[in-house]
Amino acid sequence: MKEIFNKIWELALPYQDKRDDAGHAKTSLKYALKLVDLEKGNEDVVIPAIILHDVGWSQLPEERRLIIFDPRASEEDKREVQLEHQTESVKLAVKILRKVNYSPELTDEILEIISQHDTRKGFISKNEGIVRDADKLWRTSKEGFTASEARAKKREAKRFKLIEEGLNKADYIYSKTARQIALADLKYWEKQKRHDEASNS
Ligand SMILES: [Fe+2]
Ligand SMILES: [Fe+2]
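A short tour of the structure in this document, coming up. From a predicted model like this one, the values you see are computed outputs, not experimental measurements. (Residues numbered from 1 in each chain as written. Chains lettered and ligands numbered in written order. Predicted model: local features only at pLDDT ≥ 70, side-chain atom pairs only at ≥ 80, totals over all residues. Heavy atoms only, no water.)

Some words on the pattern of salt bridges
Quick note on the threshold: Salt bridges are counted wherever a side-chain nitrogen of Lys or Arg sits within 4 Å of a carboxyl oxygen of Asp or Glu. Labels follow the DSSP assignment, with helices taken as runs of H or I lasting at least four residues and strands as runs of E lasting at least two, numbered in each case from the N terminus.
Tallied over the entire structure, the rule returns 13 salt bridges. The shortest N-O distance in the salt bridge between E88 and K91 comes to 3.1 Å. Taken as a pair, E88 and K91 lie in helix α5 (residues 75-99) at a separation of three residues, close to a single helical turn. The structure contains a network of salt bridges with shared partners spanning E112, R120, E128 and R132.

A closer look at the packing of aromatic side chains
Here is the rule: Note on ring pairs: Phe, Tyr and Trp rings are taken, using the six-membered ring of Trp, and paired if centres are within 6.5 Å. Classes follow the plane angle, with under 30 degrees stacked, over 60 edge-to-face and the rest tilted. Three labels apply to residues, based on accessible area from a 1.4 Å probe with only protein chains included: buried if under 20% of the type maximum, exposed if over 50%, partly exposed otherwise in between. Over a ring means this: the NZ of a Lys or the CZ of an Arg is within 6 Å of the ring centre and within 35 degrees of the ring normal.
Scanning all chains against the criterion turns up one aromatic pair. Here Y188 and W189 contribute two aromatic rings whose centre-to-centre distance is 4.9 Å and whose plane-to-plane angle is 75°, an arrangement assigned as edge-to-face. Judged by relative accessible area, Y188 falls into the partly exposed class, the value being 45%. A cation over a ring is seen here: K30 above Y31, with NZ or CZ 4.9 Å from the ring centre. The positively charged end of R151 is found above the aromatic ring belonging to F69, 3.6 Å away from the centroid.

Considerations on the coordination of the iron ion (ligand 1)
A metal bound by six donors in octahedral fashion has ideal angles of 90 or 180 degrees, whereas one bound by four tetrahedral donors has an ideal angle of 109.5 degrees. The following threshold applies: With water excluded from the atoms, a metal site may look incomplete; its donors are any N, O or S atoms within 2.8 Å, or within 3.2 Å for Na, K and Ca.
Distances from the iron ion (ligand 1) to its protein donors, D54 (OD), H85 (NE2), H117 (NE2) and D118 (OD), fall within 2.1 to 2.3 Å. Written as a sequence motif, the donor residues of the iron ion (ligand 1) are D-x30-H-x31-H-D. Separation of the iron ion (ligand 1) from the iron ion (ligand 2) amounts to 3.9 Å, with D54 serving as a shared donor to the pair. Taken as a pair, H85 in helix α5 and D118 in the loop between α6 (104-115) and α7 (126-137) lie far apart in primary sequence, 33 residues in all. Residue D118 is classed as partly exposed on the basis of its relative accessible area, which comes to 32%.

Here's the deal with the coordination of the iron ion (ligand 2)
Our working rule: Tetrahedral means four donors with every angle between 85 and 135 degrees, whereas square planar (four donors) and octahedral (six donors) require angles over 155 degrees between opposite donors and between 65 and 115 for all others; sites fitting neither are termed irregular.
The iron ion (ligand 2) binds to the protein through H24 (NE2), H53 (NE2), D54 (OD) and D135 (OD); the donor distances cover 2.1 to 2.3 Å. Taken together, the four donor atoms surrounding the iron ion (ligand 2) define angles of 84 to 176° at the centre, an arrangement classified as irregular. In primary sequence terms, the donor set of the iron ion (ligand 2) follows H-x28-H-D-x80-D.

So, in structure tokens, the structure goes:
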């Protein structure tokens, strides 16, 4: 990789993988390097764009970052955070590209790609298509699967905890006997869940 790309990578590093998606930046970069070569795109556009496309997630509070994965979140809420992270990515990308004195012309093309990398309908150029494909290949990569399974487990654990807290609330359940039954049931399901996970893996 060119020295300038390494510099951009280093500057962007503190802002990467902020959605419980460890490895996203690295994996999408790996695919972009491959695709830009095979599809004959312009690496001076594609590589900085893929490195910087999701840095904006770092600027959103954690609960907002994870809305995308929340099955209870509405489509409007999801869209709103999508738009927000794109805007924030553009803002941070400009700063980083200026810091390394990147060509203003290339910077414009990079920012255009980042600005709608998750929400644009259709593709506007080969470089843009390559960046978005590299981003999507994350989902079927080993790292992408591992991250989404870890997120699902975390969500599940949180759900059990919330139910337990609810059962222990004063005036929620009348008798101690009923509470004990409910808590024992909950334990059983938790154990069952862990057992299923262990035998699936
Ligand atoms: Fe994104
Ligand atoms: Fe991404």
